[in-house]
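Architecture and fold: a report
For reference, the chains in residue letters:
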Protein chains: 2
Amino acid sequence: MLIIEPGLIYLQIYNYYKKEIITGNLPSDAKLPSKRQLADQYQVAINTVENAYSKLLEEGFIYSKQRQGYFVADVGELYIADPIENEQQPETTTLKYDFSYRGVAKEGFPYKTFRKISANVIDDIEHVAEPDYQGYYPLRQQIAAYLQKARGFSVKPEQIIISSGSEYLYQIIFKLVGGIYAIEDPGYQMLPNIMDINQIDYVSLPIDENGMSITALNKTNANICIITPAHQFPTGIIMNMKRRTALLNRTKTDYVVEDDYDSEFKYSKQPVPALKSIDYNDKVIYMGSFSKAISPAFRVSFMVLPESLLDRYQNVYSCFSCPVSLITQKILTEFISTGEFEKHLNRMRKIYAKKRQIVVEAFQQRPDIKITGSDGGLHLVLQYPKHYTEAQIVTEAKKHNIKVYGIHNYTTSKNPQPELKDERPAIVLGFATMTEEQLKEGLTEFLKI
Amino acid sequence: MLIIEPGLIYLQIYNYYKKEIITGNLPSDAKLPSKRQLADQYQVAINTVENAYSKLLEEGFIYSKQRQGYFVADVGELYIADPIENEQQPETTTLKYDFSYRGVAKEGFPYKTFRKISANVIDDIEHVAEPDYQGYYPLRQQIAAYLQKARGFSVKPEQIIISSGSEYLYQIIFKLVGGIYAIEDPGYQMLPNIMDINQIDYVSLPIDENGMSITALNKTNANICIITPAHQFPTGIIMNMKRRTALLNRTKTDYVVEDDYDSEFKYSKQPVPALKSIDYNDKVIYMGSFSKAISPAFRVSFMVLPESLLDRYQNVYSCFSCPVSLITQKILTEFISTGEFEKHLNRMRKIYAKKRQIVVEAFQQRPDIKITGSDGGLHLVLQYPKHYTEAQIVTEAKKHNIKVYGIHNYTTSKNPQPELKDERPAIVLGFATMTEEQLKEGLTEFLKI
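Keep in mind the model is a prediction, meaning the values are calculated, not measured.

Comments concerning the overall build of chain A
For chain A, the count of helices and strands is 14 helices and 16 strands. Its C-alpha atoms give chain A a radius of gyration of 29 Å, more than 25% over the compact-globule value 22 Å for 449 residues. For chain A, the spread of C-alpha atoms along the principal axes amounts to about 90 × 55 × 40 Å. Looking at chain A residue by residue over its 449 residues, the buried ones come to 57%. Restricting the contact set of chain A to residue pairs at least 6 apart, pairs at least 24 apart contribute 71%.

Thoughts on the relation of the copies chain A and chain B
Overlaying chain A on chain B yields an RMSD of 0.2 Å, the required transformation being a rotation through 180° with an accompanying axial translation of 0.1 Å. Such a combination of rotation and displacement between the chain copies is what one expects of a two-fold axis. Looking at chain A, 99% of its interface residues are interface residues in chain B too, so the copies touch through the same face.

Brief notes about the packing of helix 4 (residues 111-123) of chain B against helix 11 (residues 326-337) of chain B
Residues and elements named next belong to chain B. In the contact formed by helix 4 and helix 11, the axes pass within 9 Å of each other and the chain directions differ by 125°. What the angle tells us is that helix 4 and helix 11 run oblique. Taken as a pair, helix 4 and helix 11 cross one another with a handedness that is right-handed. In contact with Thr-113, Phe-114, Ile-117, Ser-118 and Val-121 of helix 4, helix 11 contributes Ile-327, Lys-330, Ile-331, Glu-334 and Phe-335. Across the contact of helix 4 with helix 11, the residue classes break down as six nonpolar, two polar and two charged.

As for the nonpolar core
Grouped together as the largest cluster of nonpolar side chains are 137 residues, with contacts concentrated most on Tyr-352 and Phe-446 of chain A together with Phe-363, Leu-429 and Phe-446 of chain B. Phe-446 of chain A has contacts with Phe-363, Leu-382, Tyr-384, Ile-393, Ala-397, Ile-402, Val-404 and Leu-429 of chain A, leaving out every residue within four places of it along the chain. Tyr-170, Ile-173 and Ile-224 of chain A together with Met-195 of chain B belong to the second-largest nonpolar core, a separate cluster that totals 64 residues.

As for the pairing of strand 4 (residues 160-163) of chain A
All names here are of chain A. Residues Ile-160 and Ile-162 point to one face of strand 4 and Ile-161 and Ser-163 to the other, with burial holding for every one of them. Pairing geometry for strand 4 and strand 11 (residues 301-304), over four bridges, is antiparallel. Each residue of the ladder has a partner; that of Ile-162, found in strand 11, is Phe-302.

As for unusual backbone geometry
Of note, the amide linkage connecting Phe-233 of chain A to Pro-234 of chain A takes the cis form, showing an omega dihedral of 5°. With an omega of 0°, the peptide bond running from Asp-185 of chain B to Pro-186 of chain B counts as cis. Looking at the element boundaries, Pro-186 of chain B is found in the loop between strand 5 (180-185) and helix 7 (191-197). For Gln-199 of chain B, which is not glycine, the phi dihedral falls at a positive 50°. A relative accessible area of 74% means that Gln-199 of chain B is categorised as exposed. Not every positive phi belongs to a glycine, and Asp-282 of chain B is a case in point at roughly 55°. Here Asp-282 of chain B lies in the loop between strand 9 (255-259) and strand 10 (284-289).

A look at the domain arrangement of chain A
For chain A, the domain assignment lists domain 1 (9-72), domain 2 (97-104 + 343-446) and domain 3 (111-338). Computed from C-alpha atoms alone, the centre-to-centre distance between domain 1 of chain A and domain 3 of chain A is 58 Å.

A few points about the pattern of salt bridges
All names here are of chain A. Throughout the structure, instances matching the rule amount to 32 salt bridges over all chains. For Glu-107, the salt bridge goes to Lys-355, with nearest N and O atoms at 2.7 Å. Placement of the pair is Glu-107 in the loop between strand 3 (97-98) and helix 4 (111-123) and Lys-355 in helix 12 (residues 340-362), with a sequence separation of 248 residues. Among the ionic contacts, a cluster of salt bridges with common partners joins Lys-276, Asp-279 and Asp-282.

Structural notes on helix 4 of chain B
Counted at 1.5 Å a residue, the expected span for helix 4 of chain B with its 13 residues is 18 Å, and the 18 Å between its end C-alpha atoms agrees. Packed against the buried residues of helix 4 of chain B are helix 4 of chain A together with helix 11 of chain B.

Some remarks on the pairing of strand 5 of chain B
Residues and elements named next belong to chain B. Most of strand 5 sits inside the fold, with five of its six residues counted as buried. As paired elements, strand 5 and strand 6 (residues 201-208) share six bridges and run parallel to each other. Directly across from Glu-184, in strand 6, lies its bridge partner Leu-205. Note that the unit made of strand 5, helix 7 and strand 6 has a crossover that is right-handed. Pairing analysis gives three bridges linking strand 5 to strand 8 (residues 224-227), with the strands arranged parallel.

What to know about the sheet that holds strand 12 (residues 370-372) of chain A
Pairing between sheet strands relies on hydrogen bonds along the backbone, with the strands arranged either parallel or antiparallel. All names here are of chain A. Strand order in the open sheet formed by four strands is 12-13-16-15, with antiparallel pairing between adjacent strands. At either end of the open sheet lies a strand with only one pairing partner, and these are strand 12 and strand 15 (405-406). Inspection of the sheet shows strand 15 paired to strand 16 (residues 426-430) by two bridges, in the antiparallel sense. Across the sheet, the residue bridging to Gly-406 is Ile-427, located in strand 16.

What about the environment of Ser-277 of chain B?
All names here are of chain B. Relative to the helices and strands, Ser-277 is located in the loop between strand 9 and strand 10. Sequence spacing of Ser-277 and Gln-148 is 129 residues, and the spatial spacing of their C-alpha atoms is 9.4 Å. Non-local contacts of Ser-277, meaning those with residues more than four positions away in its chain, are made with Arg-151, Gly-152 and Phe-153. Side-chain polar atoms of Ser-277 contact the backbone oxygen of Ala-274, separated by 2.6 Å.

What about the interface of chain A and chain B?
Contact with chain A, which involves 89 residues of that partner, is made by 88 residues of chain B. Interface area for chain A against chain B, summed over the two sides, is near 8,200 Å², with a carbon-plus-sulfur share of 56%. Taken together, chain A and chain B are joined by two salt bridges. Here Asp-123 of chain B ties to Arg-115 of chain A by a salt bridge, and the two come within 2.3 Å at their closest N and O atoms. At the surface where chain A touches chain B, the tally comes to 12 residue pairs in polar contact (both at pLDDT 80 or more). Sorting the residues of the side of chain A that touches chain B by element identifies helix 3 (46-58), helix 4, helix 5 (137-151), helix 6 (166-176), helix 7 (191-197), helix 11 (326-337) and helix 12 of chain A as the ones contributing at least two each. Counted by class, the side of chain A that touches chain B contains 40 nonpolar, 23 polar and 26 charged residues.

Thoughts on the packing of aromatic side chains
Inspection of every chain in the model, using the stated rule, returns 60 aromatic pairs over all chains. Ring centres 4.9 Å apart and planes at 70° place the aromatic pair Phe-109 of chain B and Tyr-111 of chain B in the edge-to-face group. Here the two residues Phe-109 of chain B and Tyr-111 of chain B agree in accessibility, since each one is buried. Ring-pair connections join several aromatic residues into one group, and the members of that group are Phe-109, Tyr-111, Phe-114, Tyr-146, Phe-153, Tyr-286, Phe-290, Phe-298, Phe-302, Phe-335 and Phe-341 of chain A. The side chain of Lys-65 of chain B reaches across the aromatic face of Phe-71 of chain B, ending 5.2 Å from its centre. For the cation-ring pair, Lys-414 of chain B lies above Tyr-202 of chain B, with the distance from its terminal atom to the ring centre recorded as 4.2 Å.

Some thoughts on the environment of Thr-228 of chain B
All names here are of chain B. Assignment of secondary structure puts Thr-228 in the loop between strand 8 and helix 9 (241-249). Residues Thr-228 and Met-287, 59 residues apart in the sequence, show an inter-C-alpha distance of 9.6 Å. Residues within four places of Thr-228 in sequence aside, it is in contact with Glu-184, Phe-233, Ile-237, Asp-259 and Tyr-261. At 2.7 Å, the side chain of Thr-228 forms a polar contact with the side chain of Glu-184.

Observations regarding the packing of helix 4 of chain A against helix 4 of chain B
Direction vectors running N to C along helix 4 of chain A and helix 4 of chain B enclose 160°, while the axes themselves pass 9 Å from each other. With respect to their mutual orientation, helix 4 of chain A and helix 4 of chain B come out roughly antiparallel. With respect to the hand of their crossing, helix 4 of chain A and helix 4 of chain B are arranged in right-handed fashion. Touching Tyr-111, Phe-114, Arg-115, Ser-118, Ala-119, Ile-122 and Asp-123 of chain A of helix 4 of chain A are Tyr-111, Phe-114, Arg-115, Ser-118, Ala-119, Ile-122 and Asp-123 of chain B, all from helix 4 of chain B. Taken together, the residues of the contact of helix 4 of chain A with helix 4 of chain B break down into eight nonpolar, two polar and four charged.

So, the state of the cysteines
Evaluation of the coordinates by the stated rule reveals zero disulfides over all chains. Here Cys-319 of chain A is not cross-linked by a disulfide; its sulfur's nearest cysteine counterpart is in Cys-322 of chain A, at 14 Å.

What counts and what doesn't
Residues numbered from 1 in each chain as written. Chains lettered and ligands numbered in written order. Predicted model: local features only at pLDDT ≥ 70, side-chain atom pairs only at ≥ 80, totals over all residues. Heavy atoms only, no water. Helix = DSSP H or I, 4+ residues; strand = E, 2+ residues; numbered from the N terminus. Rg over C-alpha atoms; globule rule 2.2 N^0.38 Å. Buried < 20%, exposed > 50% of the residue type's maximum accessible area, 1.4 Å probe, protein only. Contact = heavy atoms within 4.5 Å. Least-squares fit on C-alpha atoms with pLDDT ≥ 70 in both. Axes fitted to C-alpha atoms, helices over the stretch in contact; angles between N-to-C directions. Parallel < 35°, antiparallel > 145°, perpendicular 65-115°, else oblique. Left-handed = near helix turned anticlockwise from the far one by under 90°. Nonpolar A, V, L, I, M, F, W, Y, C, P; charged D, E, K, R; others polar. Core = buried A, V, L, I, M, F, W, Y, C linked by side-chain atoms within 4.5 Å. Pairing = 2+ DSSP bridges. Domains from an automatic or database assignment. Salt bridge = Lys/Arg side-chain N within 4 Å of Asp/Glu carboxyl O. Expected span 1.5 Å × (residues − 1). Right-handed = clockwise from strand over helix to strand, strands pointing away. Polar contact = N/O pair within 3.5 Å; in protein donor to acceptor, adjacent residues only side chain to side chain. Buried area = accessible area lost by both parts, 1.4 Å probe. Phe/Tyr/Trp six-rings, centres within 6.5 Å; stacked < 30°, edge-to-face > 60°. Lys NZ or Arg CZ within 6 Å of the ring centre and 35° of its normal. Disulfide = S-S within 2.5 Å.

What follows is the structure in structure tokens.
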């Protein structure tokens, strides 16, 4: 028996019949009261009953026969969802000021543009198309045009592979190029694990003031190097031209992976060309990402393969699909081709330049702390006097509700050394995600240490 | 010199100054005419000039000083996009009627709902959060609730792993479970390639009228089987209960991968429970996907790991990110938790039941052709009389502008046998993507063969 209570009446009628039908109290093909009858019986508007019936109809609980009315559908096969509340996982306690190098600024993100583009892409969604395993071709065209303009080298869309993050791109490279890999130390801290899982031989080589040490490299048999020449992660060092040519001209070097993860943001007047732009012997595998340039929320990375690896790639990988959904790929294509990406980058350059300036200025009152690696990207390095230790800085900061990251977190060595007495303790300081206000407050607190 | 032509005047002003600035004709810090001056000079509304200037300002070409006016910015570091047209790749010729098993129907897709949900998710985008490598927790909760309700087994969100397609899930399984894999023949035709790339030992075992042959399985040392028990791909055979228990109780079976790729759609009254629902010894790795239930355009799949594999998974995979973007994961979470997924499935069941009926009825006039595997899913199998050959049917269909797929395309054997004289030639016929109208037309044409 349906008892009308205060609240949305049409939902009460709907819920009542839904339950009666699911539990079998109303069997298949039983006739429902006419809309007029029900409206009279409960003294409600006929419109209200209509709303309830059309919801039941739409969800498959009843069917209609012309001039005969509404009947209970056979719901034996229906899946009845029991929507659960989104419970949150127990949250890890976060500190008030987090100087993480991850993430991008909220302020400049073009929410409206992405809402509009997404709506268009969804309206135009393709449910059939065999997605291209290498990535959506028009997106690869846009990336090729961008690289030409912004990074100064010319590649064909056929050389570009789109994926969901560098891990997946590295797994492809590991299948294409055998041998011993040289990686940077400190460097991208997940690389050793990804290599171990894939049973790849590697050596970790130290970074000096010009990047990966060639002297150290020449003492190994490494035939492929993974480097971040534009803004070494995490030290921020720019690899100089002499080092670059030495690396490329080294006879043993079969390939160099250039991870250009944050090259969009430069603050010095000196341009930093891509290694790929002087790659006359087609040895450089160029890797890029939209995680810093747009947002990590999209999870889109790409790489450019040398021509010499294309055949092998196509033979091996045509059985895989591109892990990035066609929807995301079309959204990015539209974002770049309409010139919105250009606008966005120009806007963000100003935002980040200003934030970097705030950090640099804040440390002017502390001449004992040296800032390095600040010519580009979204983080820089603070070198403390030797009487500090990394652990001490991190612990003290925590007491002030501040999260900072010691550079030893990014060691990639198989036998990590303890902090040495003769090196300056260093902190990797990201400045992208906090607002200018938060950044100023956080720095004021941090400088109390 | 700016010459105003018919068309959007503010854009002409904008383009003129943009070009002058980029080419260096207007140097850094040069002062622009005031808005009033420019409006007077060209006899246009001051609003028009304002629009042009604010676009230049927004994109970083000019800057403003209070009470002094507008000046040319230093654009040496700007990235100037040269938007290229989206050229299409040379299209492969498509036939008018494509009975592919891939893809879903356009008719029932809730465009409006997804537009709305996407807009909300984009407004709420997180640019910082460390994404969960196992997948967004609330989405895993929703999937767990769905599996409980729709497939009759109970798992914890902690057992669920979200990824972009089964290839990526298989690569995880290969790292977790060693040994010899048994796969179905015919079956998912990409599996052998994916296994070869990962250097996995496997055997292809024949399918009989109840699924993978246990007799054949027992002649091998396979310790892990990959099967599609609910609607074998591509034969559509349902594995019977006896075969299921035999498979699970077999001493040598360490794990069984149950790929439940299209179980959402059933047309017979007989329910087909998931193998996982009788998995009393925690041996079943359950694999599901939203490709059939929603659309392949999202590229979201998931698997449920037995408790025994969880530790190993977490040790190995925490260095990888989930390849599905957080945006897509939040959209799906919202789609399920609001009950829209329930509605969608109920709507699609009717659409597909009707399409299947159209196919079944069309072949009633051809008693020489037997329909099998049509109790569920989005494709069925046509068994032709022995005087046909698969190649002949496919070629003849092509002449009628129809694309159909011979079952031998799905062989997974390392030594594929030629079509045998004593077996009936068979066609795998998908019916999801064409409209009812197209389906009827296409079948009328196809039946002329």
